[in-house]
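Structural description and commentary
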Amino acid sequence: MVQTLTVLGLESSCDDTAAAVVRQTEGEDAEILSSVVHGQTELHSTYGGVVPEIAARAHAEKLDICVKQALAAANLGLRDMDAIAVTAGPGLIGGVMSGVMCAKGLSAATGLPLIGVNHLAGHALTPRLTDGISFPYLILLVSGGHCQYLVAHGPEQFTRLGGTIDDAPGEAFDKTARLLGLPQPGGPSVEAEARSGDPKRFRFPRPLLDRTGCDLSFSGLKTALMRMRDQIVAEKGGLTRQDRADLCAGFQQAIVDTLAEKTRRAMDQYLVLNPSEPVIAVAGGVAANSAIRAALETVCAEKGTRFTAPPLPLCTDNAAMIAYAGLERFRAGSRDGLDLTARPRWPLDQRSPAMLGSGKKGAKA
Ligand code: KG4
Ligand code: ZN
């Protein structure tokens, strides 16, 4: 019998409190009935980064409001849900615990099944939610705390082809913004500045291109940027608007070029699997960057492969991706009990060895 499932999702692993309702009839496209996100940027703005304790408290205060808003926007009640999905890691542990506790309370009160979701799986399955992509596909998951190439074989089966050995690109964008006095989150501010900059004026390194495979490294870029900035300040006494724009453009171009080349290599490894309809997808907050999207699209066009990137609100953290990932797990027969625990670290590919520094921040994905 064709089954329609409606799942409530909760997300609180970093600095966005979110709830969403997603519905899918077997064999059909999934539908986002509502998606509510309460960001915490203002709460953390004076600290230059996310403060875990402040984040956890804000999640605890906002989660039930988000749930009420998501149900109201979907015009449904808890009785209309088939399951409750919640991010159970990886992330800032206080925030993840707030979400897991809230979901357990709802599950205990209603008797609805509880599904713990890996936040990274939420991002990695987003192309199925938005475009109905079939397995296996190649996904570049690129965010504030993670950067990895994965082949998605199933809702819980991922093979990591490579990833960052130190910083994630979002972290590098955020640090660059901090070094140049631009607002957080750094990605959108650096991208906006880069639009009026000359990417060729400063020569940034293209790390690890001399090494085979598709591992990445981004920590050297911020050091290079800091040196360039200090040199201009020493010579001219300060940065002009144009200096700042040129630094942003050069920095962004280095990330774009590196991701484009490593994506070519990851694609070669993926295409060996002979997928019937090869697809390359990108997901995570940094996937919102239009220069990166354009470069990846070009790489896919070179190889004649389909490219997909989620709409911007589904690149950054949201609960629709968690509801959907939970729905896939639930349909496959997975359930969790009230002993579900919050996990600060939780690699998607459990068989590959941990990367040097991967998930260093752990919190973001
Ligand atoms: O996935 P996400 O919302 O949170 C986690 O990291 O889980 O990603 C946030 C990251 C931040 O580092 C932010 O600076 C970056 O994504 N980001 C961008 C852009 N929009 C957000 N990076 C580059 N360009 C953007 N347009
Ligand atoms: Zn994320």
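A quick note: this is a predicted structure, and the numbers were derived from the prediction, not measured.

The next point concerns helix α9 (residues 290–303). Along its 14 residues, α9 runs 20 Å from first to last C-alpha, staying within 8% of the 20 Å computed at 1.5 Å per residue. For α9, the set of buried residues is I292, R293, A295, L296, V299 and C300. Seen end-on, α9 carries its buried residues on one side only, within an arc spanning 165°. Lining the buried residues of α9 we find β6 (137–142), α5 (169–179), α8 (241–271), β9 (279–283) and β10 (306–308). You can read the cap of α9 off the contacts: a side-chain oxygen lies 3.0 Å from the backbone nitrogen of A291, and it is on N289.

Predicted confidence across the protein chain gives a mean pLDDT of 93, with 96% of residues reaching 70 or more. Here residues 356–365 scores under 50 on pLDDT; set against residues more than four positions off or in separate chains, the count is 37 contacts.

Next up on the list: the sheet that holds strand β5 (residues 114–118). The strand order β3-β2-β1-β4-β5 describes an open sheet built from 5 strands, whose pairing is mixed. Edge positions in the open sheet fall to β3 (31–39) and β5, since each of these has one partner strand only. With strand direction ignored, the average angle separating the axes of adjacent strands in the sheet is 20°. Where strand β1 (residues 4–11) lies against strand β4 (residues 83–89), 4 bridges are found, and the strand directions are parallel. Bridged to L8 within β4 is I84. Its contacts with the sheet place helix α2 (residues 52–74) against β1, β2 (16–25) and β3, and it is angled at close to 30° to β2.

Cut-offs used in this document
Residues numbered from 1 in each chain as written. Chains lettered and ligands numbered in written order. Predicted model: local features only at pLDDT ≥ 70, side-chain atom pairs only at ≥ 80, totals over all residues. Heavy atoms only, no water. Helix = DSSP H or I, 4+ residues; strand = E, 2+ residues; numbered from the N terminus. Expected span 1.5 Å × (residues − 1). Buried < 20%, exposed > 50% of the residue type's maximum accessible area, 1.4 Å probe, protein only. Arc of directions from axis to C-beta. Contact = heavy atoms within 4.5 Å. Polar contact = N/O pair within 3.5 Å; in protein donor to acceptor, adjacent residues only side chain to side chain. pLDDT = per-residue confidence, 0-100. Pairing = 2+ DSSP bridges. Axes fitted to C-alpha atoms, helices over the stretch in contact; angles between N-to-C directions.

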